[in-house]
Amino acid sequence: MAEGYDTTRFHSTIDEGFVCCICLGVLQDPKQCENNEHYFCSGCIKKHLEKTSHSCPVCQDKLTVETLRKAPRIVADCVSRYKISCDHAARGCDAILELGALQAHVQDCDFMPVTCPNEGCDDVVSKRDVKQHELDLCRFKTTTCDDCGEKMAQHKYGAHGCVLRRDVDEIKKDLAEMKATQHEMMTCMQRMTTAFESLQKSVNSKSTDIVVIAGWNPKTEKCLSSVERFSLLNQTWTQLPRLKIARSGSAAVMFNNQVFVCGGITDDETLLDSIEVLDLNGNPPEWHEFFVNLPIKIFAHKCVVHGNRLLIIGGQTKVAGESLDAIYELLLVPPYSSKLLCHMKKKRALHGVELFDDKVLIAGGEDAETDVEIFNIARNECVEMPPLPSPVRGMGTVRRGDTMLLIGGMGNMDAQEASNEIIEYDFKTGQSKVLLAMKTGRAFCLCVCCGNTLIVIGGVLADPAAVDCFNFLSNSWKRLPSMAETRMLASAVVLIKENLEF
């Protein structure tokens with residue numbers, strides 16, 4: 001049954017008299033009680049009368065479904081003229097129209113989700129894109145063999161007999177061309193050697209490192225100030241300078257080739273608003289305090305950098321306290337000002353955050369469970385998204401293409417064991433699924449995605465210093481060298497080195 005329209009969708013000033021007393025949304029199919037002008041959505045008041053009480057929830061007069069009255073026509077007319085955004089605004093529709101015209105627009109909206117009609121494909125795309133997806137992009141689209149005329153799904157074409165025969169013919173041709181003189185073979189080998197040496201120099205001059213910062217040692221039950229760097233090229237860990245303040249539950253970001261570590265909590269449960277910065281161009285590198293502090297003392301929060309702005313999302317300002325729904329901004333360049341940007345739909349801490357261009361995908365967390373929303377930086381507003389398949393908090397997250405991967409974590413507040421599931425959430429469609437499983441459960445871990453490699457570091461498990469690596473091409477896990485210290489609730493950044501030593 002219909003309930004009221006979310007007031008945040010409207011671009012008109014809403015008269016409080018046209019707000020349903022039950023769902024607090026703008027009236028949909030308005031009804032009123034028998035004796036007084038108390039207005040409700042048809043669905044809301046009928047559900048109330050059938051399941052809760054046989055009286056008006058406002059004046060308490062006796063009321064039944066049969067004695068409900070239709071609201072005066074002027075009420076429906078006024079409500080129908082309010083300006084509202086489309087049901088598919090989160091998918092990209094920017095139409096703003098009168099409420100009375102909403103249903104007709106939504107049924108024909110170019111951004112309406114549509115399932116691909118190709119047999120075997122369950123992808124959901126916008127209505128305006130479905131034809132291009134069906135004919136050009138879908139791996140289940142029908143293709144015809146040029147040689148024999150047989151029709152088949154695109155993803156089966158590579159194993160088709162005609163294609164395989166052409167591949168064999170190409171191999172035979174290549175083998176015939178390889179019959180050359182010894183001099184030609186030596187020249188070829190020399191060229192290959194030169195190319196390999198050039199490639200090796202390129203790899204050595206540009207490689208990816210992971211910097212793991214501070215956290216909490218579950219063995220000593222102490223906060224850490226240590227910082228470790230892992231080289232993916234050499235598969236080795238090295239120590240970097242220590243933080244000035246040991247902390248856990250902090251957030252780390254990269255800005256102008258500098259590592260920023262923001263907030264956190266100390267051993268005596270003191271919350272921090274300080275920011276420490278490691279300049280990777282320094283010789284030698286060392287940590288120093290940033291010019292200004294965060295706008296609040298906070299831990300279990302998340303941070304992203306957008307342009308010259310640091311966005312501080314959620315977290316807690318008291319130990320075992322209530323989570324925040326606030327998103328703050330701090331300029332990382334003069335005048336270093338800060339302000340509250342907006343409030344999220346849900347309060348959350350120990351949640352997942354990933355940046356997708358000018359939007360931030362925010363998922364799960366303490367007090368939020370399965371809830372997901374997108375913060376539109378340009379519009380400075382949050383929009384609800386379809387939920388996760390199960391509650392999760394204290395998980396690691398990475399961005400991979402158009403998806404966020406949520407790795408491990410704990411379930412709801414009653415959960416006692418860490419999860420071993422990796423959930424894939426599609427930023428564009430809101431679809432989610434369990435993508436794969438780790439060999440053991442992990443929570444409060446660090447995660448990094450480099451190309452086709454996912455790296456999971458530390459956290460709550462049998463060995464909190466362990467590092468595991470999943471290769472999406474080979475679809476296999478392997479164990480990497482462990483950290484020097486066991487740690488959880490740490491922070492990390494990915495560093496792309498180009499002839500940089502520190």
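If you're wondering where the values come from, they're calculated on a predicted model, not measured in any experiment.

> I keep staring at the overall build of the protein and nothing clicks. Help me out?
Within the protein one finds six helices and 33 strands. Projecting the C-alpha coordinates of the protein onto the three principal axes gives extents of approximately 100 × 75 × 45 Å. Within the protein, the proportion of its 502 residues that are buried is 45%. Restricting to contacts in the protein with at least 6 residues of sequence separation, those with at least 24 account for 43%. Between the averaged position of the 55 positive side-chain charges in the protein and that of its 67 negative side-chain charges there is a distance of 2 Å.

> I'm lost on the nonpolar core in this one. Help?
Generally speaking, a soluble globular protein has its nonpolar side chains buried in company with each other. Tyr5, Phe10, Leu27, Leu63, Leu99 and Leu102 are the most contacted members of the largest nonpolar core, which has 29 residues in total. Of all the secondary structure elements, the ones that give two or more residues to this core are strand E2 (39-41), helix H1 (42-51), helix H2 (73-80) and helix H3 (102-107). In contact with leucine 99, not counting residues within four places along its chain, are Tyr5, Phe10, Val79, Ser80, Tyr82 and Ile84.

> Before we go on, may I ask you to explain the sheet that holds strand E30 (residues 453-457) in this structure?
The strands that make up a sheet pair up through hydrogen bonds in the backbone, lying either parallel or antiparallel. With antiparallel pairing, the four strands of this open sheet are ordered in space as E29-E30-E31-E32. Each end of this open sheet is capped by a strand with a single partner; those strands are strand E29 (446-450) and strand E32 (476-480). Within this sheet the neighbouring strands show an average axis-to-axis angle of 20 degrees, counted without direction. Pairing of strand E31 (residues 467-471) with E32 involves five bridges; the strand directions are antiparallel.

> Please explain unusual backbone geometry as it appears in this structure.
Most peptide bonds are trans, and most residues other than glycine sit at a negative phi. Omega for the bond connecting proline 334 with proline 335 falls within 30 degrees of zero, at 10 degrees, which places this linkage in the cis form. For glutamate 221, which is not glycine, the phi dihedral falls at a positive 55 degrees. As for its position among the elements, glutamate 221 is in the loop between strand E10 (206-217) and strand E11 (222-231). On the basis of relative accessible area, glutamate 221 is assigned to the exposed category, the value being 56%.

> It is not clear to me how a nonpolar patch on the surface should be interpreted in this structure. Could you clarify?
Together, Ile171, Leu175 and Met178 make up an exposed nonpolar region whose accessible area comes to about 320 Å². Note on placement: methionine 178 falls in the loop between helix H5 (161-177) and helix H6 (182-205). On the basis of relative accessible area, methionine 178 is assigned to the exposed category, the value being 54%.

> Quick question: what am I supposed to make of the sheet that holds strand E27 (residues 421-426) here?
Ordered by their spatial adjacency, four strands build an open sheet running E25-E26-E27-E28, and the pairing between neighbours is antiparallel. Both outer strands of the open sheet, strand E25 (396-400) and strand E28 (432-437), are each paired with one neighbouring strand and no more. Pairs of neighbouring strands in the sheet enclose a mean axial angle of 25 degrees, with direction left out of account. Summarising the sheet, E25 and strand E26 (residues 403-407) pair through five bridges and their orientation is antiparallel. When the bridges of E26 are listed, arginine 400 appears paired with threonine 403.

> Would you take a moment to explain the packing of aromatic side chains for this structure?
To describe a pair of aromatic rings, one takes the distance between the centres and the angle between the planes. Scanning the entire structure with this criterion turns up 12 aromatic pairs. Here the aromatic rings of phenylalanine 356 and phenylalanine 427 are separated by 4.4 Å at their centres, their planes lie at 0 degrees, and the arrangement is stacked. Linking phenylalanine 356 in strand E21 (residues 352-356) with phenylalanine 427 in the loop between E27 and E28, this pair joins segments that are 71 residues apart in sequence. Neither residue differs from the other here; phenylalanine 356 and phenylalanine 427 are each classed as buried.

> Please clarify how the domain arrangement of the protein should be interpreted in this entry.
How big an interface is tends to be stated in terms of the accessible area lost upon association of its parts. Per the domain assignment, the segments of the protein are domain 1 (7-108) and domain 2 (205-497). On a C-alpha basis, the centres of domain 1 and domain 2 stand 41 Å from each other. A buried area of about 320 Å², summed over both sides, lies between domain 1 and domain 2, and 45% of it is on carbon and sulfur atoms. The largest contributions to the domain 1 side of the interface with domain 2 come from Thr8, Ala90 and Arg91, which together make up 78% of the buried area. The interface formed by domain 1 and domain 2 contains zero salt bridges.

About the cut-offs
- Residues numbered from 1 in each chain as written.
- Predicted model: local features only at pLDDT ≥ 70, side-chain atom pairs only at ≥ 80, totals over all residues.
- Heavy atoms only, no water.
- Helix = DSSP H or I, 4+ residues; strand = E, 2+ residues; numbered from the N terminus.
- Buried < 20%, exposed > 50% of the residue type's maximum accessible area, 1.4 Å probe, protein only.
- Contact = heavy atoms within 4.5 Å.
- Lys, Arg positive; Asp, Glu negative; His and termini not counted.
- Charge placed at Lys NZ, Arg CZ, Asp CG, Glu CD.
- Core = buried A, V, L, I, M, F, W, Y, C linked by side-chain atoms within 4.5 Å.
- Pairing = 2+ DSSP bridges.
- Axes fitted to C-alpha atoms, helices over the stretch in contact; angles between N-to-C directions.
- Patch = residues over 30% accessible without salt bridge, like charges linked within 9 Å, V, L, I, M, F, W, Y side chains within 5 Å.
- Areas by Shrake-Rupley, 256 points an atom, 1.4 Å probe, with all protein chains shown as cover.
- Salt bridge = Lys/Arg side-chain N within 4 Å of Asp/Glu carboxyl O.
- Phe/Tyr/Trp six-rings, centres within 6.5 Å; stacked < 30°, edge-to-face > 60°.
- Domains from an automatic or database assignment.
- Buried area = accessible area lost by both parts, 1.4 Å probe.

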